[in-house]
Structure formats: C-alpha cells, structure tokens
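Spelled out, the chains give:
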Amino acid sequence: MKVLIELIVSFASTVGFGLVTNVPRRSLLPAGITGSLAWVAYYLVLQVDNGLILPNFTAAIVIGILGNISAVMFRVPVNIIYVPSLVSLVPGGILYLGMRSFTLGNEIRTGQYMFNALTIAIALAVGFVVAEVIFYRIKPLLLRLLAKQRER
C-alpha cells in the first residue's frame, strides 16, 4: 500500500513540476510515469540499502532508460522528460541544510551535508551515463518496433 501511495504522489509531483516548467502537455504523461517509476525504484532500493549512492543510481538509470524511450516514442527532446522526472531526486533539502549550517558557523555539519549532496549528484550523473549506454543498445530494436507499428 505504501508503494502505491509513493507512486501516486511522485507522479503528481513530477507532473506538477512539469506544469511549472512549461513542459509540453503531450509530454506530461510520459514524464509523470518516468518520474513515478524512478521514485518507486528509489524507494524499493532504499528499503534494501539505506545508503545514498545505490538508490539514486538506480533511479537515475530508470529515468535515463524510460526517458529516452519516451522521447523516441513521443518525439520530444529527452530533456523534456528528464527535468520533471528528476525533481524528486535532486538533493535540495540537503543543500538547504548545508547552507543553513554554514551560515550558523557549523563547519563540520556543513561538510557532511555538502559531501552528501555531492555524492547524490555524482550517483545521478553516473546513473544517466550508464542508462545512455544501455539505451544505445536498445535504440535500434525500439526504432524497428516503432516503424512496424507506424506501418499498420
């Protein structure tokens, strides 16, 4: 039940951020699905590994693969799918806490928060690179399937 709630809320947040950033209306559904599935992947991996790297890495791979597939299917730039899908993974809260600790003069906490934010950012970036490599292998098959679909 909790996973279903996570799925619905993440879908709503992804679509909502897509609306705020003026994503084309035809891209909202694929972006919402991509973002919600990425968040569910993040949530499920977080239940197994309570670290920062693996859940974010896994979610970035899901966004990368599904975002590229959606971009090809709906004929939109992949960034249109990526940007709203990433909103729930960006370490904004951690960065805020780091800046707050910095302004309060707590250097040790500031370093911890900034290190965590950097770790998440690197995990997301590496996940996108891995997803691009995987999608590079999948793309010819996807294009053939779409060509057959359009012939009908």
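The rules behind these values
Residues numbered from 1 in each chain as written. Predicted model: local features only at pLDDT ≥ 70, side-chain atom pairs only at ≥ 80, totals over all residues. Heavy atoms only, no water. Axes fitted to C-alpha atoms, helices over the stretch in contact; angles between N-to-C directions. Helix = DSSP H or I, 4+ residues; strand = E, 2+ residues; numbered from the N terminus. Parallel < 35°, antiparallel > 145°, perpendicular 65-115°, else oblique. Left-handed = near helix turned anticlockwise from the far one by under 90°. Contact = heavy atoms within 4.5 Å. Nonpolar A, V, L, I, M, F, W, Y, C, P; charged D, E, K, R; others polar. Patch = residues over 30% accessible without salt bridge, like charges linked within 9 Å, V, L, I, M, F, W, Y side chains within 5 Å. Areas by Shrake-Rupley, 256 points an atom, 1.4 Å probe, with all protein chains shown as cover. Salt bridge = Lys/Arg side-chain N within 4 Å of Asp/Glu carboxyl O. Polar contact = N/O pair within 3.5 Å; in protein donor to acceptor, adjacent residues only side chain to side chain. UniProt positions renumbered as here; feature names shortened; annotations may be inferred. Buried < 20%, exposed > 50% of the residue type's maximum accessible area, 1.4 Å probe, protein only.

## Let's talk about the packing of helix α2 (residues 25–48) against helix α4 (residues 78–86)
No. 1: In the contact formed by α2 and α4, the axes pass within 8 Å of each other and the chain directions differ by 50 degrees. Comparing the axis directions of α2 and α4 gives the class oblique. Seen along the crossing, α2 lies across α4 with a hand that is right-handed. Taking contact as the criterion, the partners of Ser27, Pro30, Ala31, Thr34 and Gly35 in α2 are, on α4, Ile80, Ile81, Pro84 and Ser85.
No. 2: A per-class count over the contact of α2 with α4 returns 5 nonpolar, 4 polar and no charged.

## Regarding the side chain of Ser85
No. 1: Assignment of secondary structure puts Ser85 in helix α4.
No. 2: Setting aside chain neighbours within four positions, we find Ser85 in contact with Thr14, Ala31, Thr34, Gly35 and Ile63.

## A closer look at a nonpolar patch on the surface
No. 1: On the surface, a cluster of nonpolar side chains totalling about 550 Å² of accessible area is made up of Met1, Leu4, Ile5, Ile8 and Val9.
No. 2: Position of Ile5 relative to the elements: it lies in helix α1 (residues 2–20).

## Considerations on the side chain of Thr14
No. 1: Relative to the elements of secondary structure, Thr14 occurs in helix α1.
No. 2: For Thr14, the side chain forms a polar contact with the main-chain oxygen of Ser10, separated by 2.8 Å.
No. 3: Here Thr14 is in contact with Ala31, Gly32, Gly35, Ser36, Pro84, Ser85 and Val87, once residues within four sequence places are set aside.

## Some points on the UniProt feature "transmembrane region" (unreviewed entry) in the chain
No. 1: In this structure's numbering, the residues bearing the UniProt feature "transmembrane region" (unreviewed entry) are residues 28–46, 53–74, 80–97 and 117–138.
No. 2: Helix makes up 72% of residues 80–97 and strand 0%, with an end-to-end C-alpha separation of 29 Å.
No. 3: Across residues 117–138, the secondary structure splits into 100% helix and 0% strand, with the terminal C-alpha atoms separated by 31 Å.

## Remarks on the pattern of salt bridges
No. 1: Throughout the structure, instances matching the rule amount to 1 salt bridge.
No. 2: Among the salt bridges present, the one from Glu6 reaches Lys2, with a minimum N-O distance of 3.4 Å. Residue Glu6 and its partner Lys2 are both found in helix α1; the two are separated by 4 residues, about one turn of the helix.
No. 3: Taking relative accessible area as the criterion, Lys2 reaches 51% and is therefore assigned exposed.

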